[in-house]
Amino acid sequence: MYSSNFKVTLILAAAGVGKRMGLGYPKQFLEYKGKPLFIIPLEVAQKSDIVDDIIVVTNKENITLVENYCKQYGIDKVIKVTEGGKERQNSIYNALKYDNKSDIILVQDGVRPFLKERYIEECCKVVINERKGAVVGVQVKDTIKVVDNNFEVISTPKRADLIAVHTPQAFEGELLKRAYEIAESENFLGTDDSSLVERIGGKVKIVLGDYDNIKVTTQEDLKFL
């Protein structure tokens, strides 16, 4: 299925500022086993036979630093390191402008270091074989409550129906670009890539991932590294 007929690009979102971490520098540069966090998923994409190109989006002032790190660790699939925007969605929208007609685009969080090759493969299979978007996620372990503005419980959804969404998220290239362009024109801000695809009628399927696929957001997350 992974013939040369399919071009796959991975966009890495590494433009966070890390306010909640209290590090004094962006959390994507936090070192894990001697490497910046964002390099670890890039190494997986670099070694993958599926991924052709990589686009990294980061803070304007860190573009050269990211480029240098990519050279240091041999991430030569990177075709562009570009500037991020105010929100993650703005950053991905900027990155999409540099994609060169990819059949599939994967979006990966730069501070979600435990990307696995199987996530890439299984997501791409869904996009190619089922013509749907694919999102890695896990079934929630806790009971979830829906509350109102006063934090009074409105309802308790069935836990079996709830998925905690991770990355990567994969889509047909043109579909993802169209979803972002429409969101931009309508000034709509979504919570993830799939929400933009869903609102224009795209179908999205969950690829079950692993609970260790954490996103490093707060100091508490560091104990899982």
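Reference entry: report on the structure contained in this document. Values in this document were obtained by computation on a predicted structure and should not be read as measured data. (Residues numbered from 1 in each chain as written. Predicted model: local features only at pLDDT ≥ 70, side-chain atom pairs only at ≥ 80, totals over all residues. Heavy atoms only, no water.)

## With respect to the nonpolar core
Moving on, step 1. Leu10, Phe38, Leu42, Ile54, Val56, Leu106 and Ile120 are the most contacted members of the largest nonpolar core, which has 34 residues in total.
Moving on, step 2. The set of elements that each furnish at least two residues to this core consists of β1 (8-14), α1 (39-47), β4 (53-58), α2 (63-72), β6 (104-109), α4 (117-130) and β7 (133-139).
Moving on, step 3. Sort the elements by how many residues they give to this core and α4 lands first, with seven residues.
Moving on, step 4. Setting aside its immediate chain neighbours within four residues, Ile120 contacts Val44, Ser48, Ile50, Val51, Leu106 and Leu115.
Moving on, step 5. Core analysis: the next-biggest nonpolar cluster, separate from the first, contains 18 residues, Ala13, Ile105, Val107 and Ala179 among them. (Core = buried A, V, L, I, M, F, W, Y, C linked by side-chain atoms within 4.5 Å. Buried < 20%, exposed > 50% of the residue type's maximum accessible area, 1.4 Å probe, protein only. Helix = DSSP H or I, 4+ residues; strand = E, 2+ residues; numbered from the N terminus. Contact = heavy atoms within 4.5 Å.)

## So, unusual backbone geometry
Moving on, step 1. Cis geometry marks the peptide bond from Thr167 to Pro168, where omega comes out at 15 degrees.
Moving on, step 2. Assignment of secondary structure puts Pro168 in strand β10 (residues 163-172).
Moving on, step 3. For Arg131, which is not glycine, the phi dihedral falls at a positive 55 degrees.
Moving on, step 4. Take Arg131: it is sitting in the loop between α4 and β7.
Moving on, step 5. A positive phi angle is found at Phe151, which is not glycine, with a value near 65 degrees.
Moving on, step 6. Within the secondary structure layout, Phe151 lies in the loop between β8 (146-147) and β9 (153-155).

## Considerations on the state of the cysteines
Moving on, step 1. The full count for this structure, using the stated rule, is zero disulfides.
Moving on, step 2. Of all cysteine sulfurs in the structure, the one in Cys124 sits closest to Cys123, which takes part in no disulfide; the separation is 7.0 Å.
Moving on, step 3. Cys123 sits in the buried class, given a relative accessible area of 0%. (Disulfide = S-S within 2.5 Å.)

## What to know about a nonpolar patch on the surface
Moving on, step 1. Taken together, the side chains of Val147, Phe151 and Val153 present a nonpolar region at the surface, about 310 Å² in accessible area.
Moving on, step 2. Along the chain, Val153 falls in strand β9.
Moving on, step 3. Relative accessible area serves as the criterion here: at 52%, Val153 is assigned to the exposed category. (Patch = residues over 30% accessible without salt bridge, like charges linked within 9 Å, V, L, I, M, F, W, Y side chains within 5 Å. Areas by Shrake-Rupley, 256 points an atom, 1.4 Å probe, with all protein chains shown as cover. Salt bridge = Lys/Arg side-chain N within 4 Å of Asp/Glu carboxyl O.)

## Topic: the environment of Ile11
Moving on, step 1. Along the chain, Ile11 falls in strand β1.
Moving on, step 2. Residues Ile11 and Leu96 lie 85 residues apart in sequence; the distance between their C-alpha atoms is 8.1 Å.
Moving on, step 3. The residues touching Ile11, leaving out its near neighbours within four places in the chain, are Ile55, Ile92, Ala95, Leu96, Ile105, Leu106, Val107 and Gln108.

## Describing helix α5 (residues 173-185)
Moving on, step 1. For α5, built from 13 residues, the straight-helix expectation of 18 Å at 1.5 Å per residue is met to within 8% by its first-to-last C-alpha distance of 19 Å.
Moving on, step 2. Among the residues of α5, those classed as buried are Gly173, Leu175, Leu176, Lys177, Ala179, Tyr180 and Ala183.
Moving on, step 3. Of the surrounding elements, those touching the buried residues of α5 are α3 (88-96), β6, β10 and α6 (193-198).
Moving on, step 4. Once α5 ends, the next one or two residues include Asn187, with phi positive near 55 degrees. (Expected span 1.5 Å × (residues − 1).)

## Section: the sheet that holds strand β11 (residues 204-208)
Moving on, step 1. The strand order across the open sheet formed by seven strands is β5-β4-β1-β6-β10-β7-β11, and the pairing between neighbours is mixed. Looking at which strands have only one partner, the edges of the open sheet turn out to be β5 (78-83) and β11. For this sheet, the mean inter-axis angle between neighbouring strands, taken without regard to orientation, is 25 degrees.
Moving on, step 2. By the bridge criterion, five bridges tie β4 to β5 in an arrangement that is parallel. Bridging across to β5, Val57 finds its partner in Thr82.
Moving on, step 3. Strands β1, β4, β5, β6 and β10 of the sheet are contacted by α3, whose axis makes an angle of about 145 degrees with β1. (Pairing = 2+ DSSP bridges. Axes fitted to C-alpha atoms, helices over the stretch in contact; angles between N-to-C directions.)

## A few points about the pattern of salt bridges
Moving on, step 1. Using the criterion set out here, one finds 16 salt bridges in the structure.
Moving on, step 2. With its nearest N and O atoms 3.3 Å apart, the salt bridge here joins Arg88 to Asp193. One end of the pair, Arg88, is in helix α3; the other, Asp193, is in helix α6, with 105 residues separating them in the sequence.
Moving on, step 3. A salt bridge links Lys177 to Asp99; the nearest nitrogen and oxygen atoms lie 2.8 Å apart. Of the two residues, Lys177 is situated in helix α5 and Asp99 in the loop between α3 and β6; the sequence distance between them amounts to 78 residues.
Moving on, step 4. For Lys177, a relative accessible area of 13% gives the class buried.

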